[in-house]
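Geometric and topological summary
What follows is each chain in one-letter form.
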Amino acid sequence: MSHEDIDFSTRRIGALVLRHLYLMRKSWPRVLEMVYWPTVQMVLWGFITLFLQTNSSYIAQAAGILLSAVLLWDVLFRGQLGIALVFMEEMWSRNLGHLFVSPLRPYEMVASLILMSLIRTLIGVGGAAIVAIPLFHFNIFDLGLPLIAFFLNLVIMGWAVGLIVSGIVLRYGLGAESVAWIAVFAIQPLCAIYYPVEVLPGWLQPVAWALPASHVFEGMRELLLHQTFNWHHLAYAVGLNVLYLAGGIATFLGYFRAARQRGLLLHVGE
Amino acid sequence: MNASHQGYVIEAHRLSKVFDQVSAVDDISLQIRHGVTTALLGGNGAGKTTTLAMLLGLLLPTTGSIRILGEDMLQHRYRLLHRMNFSSPYVDLPQRLTVRENLTVYGHLYRLSDLKQRIRRIAGELNLDEVLDRRYGRLSAGQKTRVSLAKSLLNEPELLLLDEPTASLDPDTADAIRTHLEQYQKRTGASILLASHNMSEVERMAADVIMMRRGKIVDAGSPDRLIDRYGRSSMEEVFIDVARNRELHTK
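Okay, the overall build of chain A next. The helix and strand tally for chain A stands at eleven helices and zero strands. Starting at the N terminus, the α and β elements of chain A follow one another as α-α-α-α-α-α-α-α-α-α-α. The C-alpha atoms of chain A give a radius of gyration of 20 Å, which matches the 18 Å a tight globule of 270 residues would have. Taking the principal axes of the C-alpha coordinates as reference, chain A spans close to 60 × 40 × 35 Å.

A few words now on the overall build of chain B. Helices and strands together make up the secondary structure of chain B, namely nine helices and ten strands. Taken over C-alpha atoms, the radius of gyration comes to 18 Å for chain B, in line with the 18 Å a tight globule of 251 residues would show. Dimensions of chain B, computed from C-alpha atoms along their principal axes, come out at roughly 55 × 40 × 35 Å. Relative to its 251 residues, chain B shows a buried fraction of 48%. Sequence separation of at least 24 residues holds for 66% of the intrachain contacts in chain B that already meet a minimum separation of 6.

Next up on the list: the confidence of the model for chain A. Looking at chain A, the pLDDT average stands at 92 and 96% of residues meet or exceed 70. Highest mean pLDDT in chain A belongs to helix H9 (residues 205-209) of chain A (97); lowest belongs to helix H3 (residues 57-61) of chain A (72).

Burial of helix H3 (residues 99-109) of chain B is extensive: ten of the eleven residues sit out of reach of the surface. The set of residues buried in H3 of chain B consists of Val99, Glu101, Asn102, Leu103, Thr104, Val105, Tyr106, Gly107, His108 and Leu109 of chain B. Where H3 of chain B is buried, its residues meet helix H1 (10-25) of chain A together with helix H4 (115-125) and helix H5 (141-153) of chain B. With its phi angle positive at about 50°, Arg111 of chain B sits one or two positions after the end of H3 of chain B.

As a further point, take the interface of chain B and chain A. Chain B puts 29 residues into the contact, and the matching count from chain A is 32 residues. Of all the secondary structure elements, the ones that give two or more residues to the side of chain B that touches chain A are helix H1 (48-56), helix H2 (77-81), strand E6 (84-87) and H3 of chain B. By residue class, the composition of the side of chain B that touches chain A is 16 nonpolar, seven polar and six charged.

Residues and elements named next belong to chain B. Burial of strand E9 (residues 208-213) is extensive: five of the six residues sit out of reach of the surface. Sheet topology note: the strand E3 (residues 37-41)/E9 ladder contains four bridges and is parallel. Within E9, the residue paired with Leu40 across the bridge is Ile210. Judged from the five bridges that link them, E9 and strand E10 (residues 216-221) form a sheet pairing that is antiparallel. Of the residues in E10, the one forming a bridge with Val209 is Gly221. Adjacent in sequence and paired antiparallel, E9 and E10 are bridged by two residues, among which Arg214 carries a positive phi angle near 50°.

Moving on, we get to the nonpolar core. If you look at the biggest cluster of nonpolar residues, it comprises 151 residues, and the most contacted ones within it are Leu154 of chain A together with Leu161 of chain B. Of all the elements, helix H4 (residues 65-92) of chain A adds the most residues to this core, at 16 residues.

Bringing the sheet that holds E10 of chain B into the picture now. Residues and elements named next belong to chain B. If you trace the six strands from one edge of the open sheet to the other, you get E6-E7-E8-E3-E9-E10, paired in mixed fashion. The strands lining the two open edges of the sheet, one partner per strand, are E6 and E10. Neighbour-to-neighbour, the strand axes of the sheet open up by a mean angle of 15°, direction not taken into account. In the sheet, E3 pairs with strand E8 (residues 191-195) via four bridges, with the strands oriented parallel.

This part takes up unusual backbone geometry. In the Ramachandran plot, Ala192 of chain A falls in the positive-phi region, its phi being about 55° despite a non-glycine side chain. Mapped onto the elements, Ala192 of chain A comes out in the loop between helix H8 (178-182) and H9. The class for Ala192 of chain A is buried, based on 25 C-beta atoms found within 10 Å. Positive phi is not limited to glycine here, since Asn127 of chain B has a value of about 60°. Inspection of the secondary structure assignment puts Asn127 of chain B in the loop between H4 and H5. The exposure class of Asn127 of chain B is partly exposed, given the 14 C-beta atoms found within 10 Å.

The next thing to look at is the sheet that holds strand E2 (residues 22-33) of chain B. All names here are of chain B. Pairing is antiparallel across the open sheet formed by four strands, whose spatial order is E2-E1-E4-E5. A strand with exactly one partner marks an edge of an open sheet, and here the two such strands are E2 and strand E5 (71-72). One ladder, built from eight bridges, connects strand E1 (residues 8-19) with E2; its direction is antiparallel. Residue Leu15 lies in a different strand from E2, and its bridge partner there is Ile28. H1 rests against E1, E2 and strand E4 (63-68) of the sheet, and its axis sits at about 120° to E1.

All names here are of chain B. Of the two faces of E6, the one lined by Met84 and Phe86 and the one lined by Asn85 and Ser87 are each fully buried. Bridging between E6 and strand E7 (residues 159-163) involves four bridges; their strand directions are parallel. When the sheet's bridge partners are listed, Ser87 is paired in E7 with Leu162.

The rules behind each value
All residue numbers refer to positions counted from 1 along the written sequence of the respective chain. Chains carry letters and ligands carry numbers; both start at the beginning, A for chains and 1 for ligands, and go up in the order they are written. Since the coordinates come from a predicted model, pLDDT governs what is reported: local features require at least 70, and pairs of side-chain atoms require 80 or more to be given and counted, while whole-chain, interface and lining totals use all residues. Where helices and strands are cited, they refer to DSSP runs of H or I of at least four residues and of E of at least two residues respectively, numbered from the N terminus. Only C-alpha atoms enter the radius of gyration; for comparison, a globular chain is expected to reach 2.2 Å times N to the power 0.38, where N is the number of residues. Using C-beta atoms placed from the backbone, we call a residue buried if 20 or more other C-beta atoms fall within 10 Å of its own, exposed if 12 or fewer do, and partly exposed for counts in between. Each residue gets a C-beta atom placed from its backbone, and two residues are in contact if those atoms lie within 7 Å. Known as pLDDT, the predictor's confidence for each residue is given on a scale from 0 to 100. All residues other than Ala, Val, Leu, Ile, Met, Phe, Trp, Tyr, Cys, Pro, Asp, Glu, Lys and Arg, Gly among them, are scored as polar; the first ten of these are nonpolar and the last four charged. Only strands that DSSP links by at least two bridges are regarded as paired with each other. What makes a nonpolar core is a set of buried Ala, Val, Leu, Ile, Met, Phe, Trp, Tyr and Cys residues, with links drawn between C-beta atoms within 7 Å. For every element, the axis is a line fit to its C-alpha atoms; helices are fit only across the contacting stretch, and the angle between N-to-C directions ranges from 0 to 180 degrees.

Structure representation (structure tokens):
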């Protein structure tokens, strides 16, 4: 392979991002959908928090604990969905054949998916977080710098899952697109979003600790309940995410190669 | 232009593709001459699209080698893709984007300079000025085909692969597209490989014809020589003979 074959072009990545920004600009239902579900979730959990505040000493200790959890969980979910939906847009529009007879490298597509997922997650969860300020007098930005660490670790885990899902949809066709909506919920009970890992049965706890999200949510609770930032959890989350993201990228590229072997890039569909 | 020393723009050697034990392309070798239009003919399921997909690198061959513009396609695919392009009515562009937006995205993918002027010029040449700011999904079949062709000509390819470029078009639009391709080839010296079911198109445009049946190349030559060899009066009759596996008619 020559230097030109392993090129990494920001212009090509920008071209794909531009393609999806064009789409977002002229499709308000798509933008609305990004903000709608995170906001509905936030409102629901906001009222549950108001109710539990007077009935639960745990919630009374830190009123924002449920709302922080629900918003941060949505970072992971939207991060994953952002990758999968943007990739499936190419399949729905039967555009993959044209894209991959251009000099676009599959890893450049991965980079553009990640960028678009970041934009979509910021719009969706950011919108819900802003609405929470006047509605429930809850400002997640009060978490300060740790919020950036929580956000990045969760969105990166979402990217890893999203890339695996995209690979599966490429390999098995749009008939498998429901995987994009359900995949992340298979691990949701293990992510310690609303309860600590120690609540889980002993044999499941090692599985939970192998998820970056569990470390983030445990760290979030420590910060809200005890005002301490646990660097130990952060280090674990970052280390695991390095493995998860590498695994996600490798899986997507593996499925992409399988698609080239099976002729799926020209014949996308169910 | 940097074609190989023999003057072949494509050289495929012992190319095969097997899908789940079914042989779609079976041990074919072909050489496409530089600067001319070559037609790849065959009935449905003959292996034309599979062959085109392998030449484009969209599909990995089970066995065999491909050299394009003098370089190994499997080794230097991305370098070569800058110098090639492809159009097919069966591969779409994003429906909600306008024609201009689609061409802009693809122009960036090919890292083209002077993109705005380039789009304006190609739109003028293909009579797309009036639909540049219309959504691709709202265009007629003929307009979509012209947009797909505009996309494929954006980077001024030295090698253009076309899968049924005039399928489902009215005779007037089809003629305009053929004329444009002929003018492009005359201006740039580009090579064109064309998969088509339209025999009058093949007779008009192709200097060479490769005929496929059931994944194999069964005959090749210029349209005139094939018509003569089969003792027929048109490529349409030759096509039917080949598709139905008839013996050669001798004059």
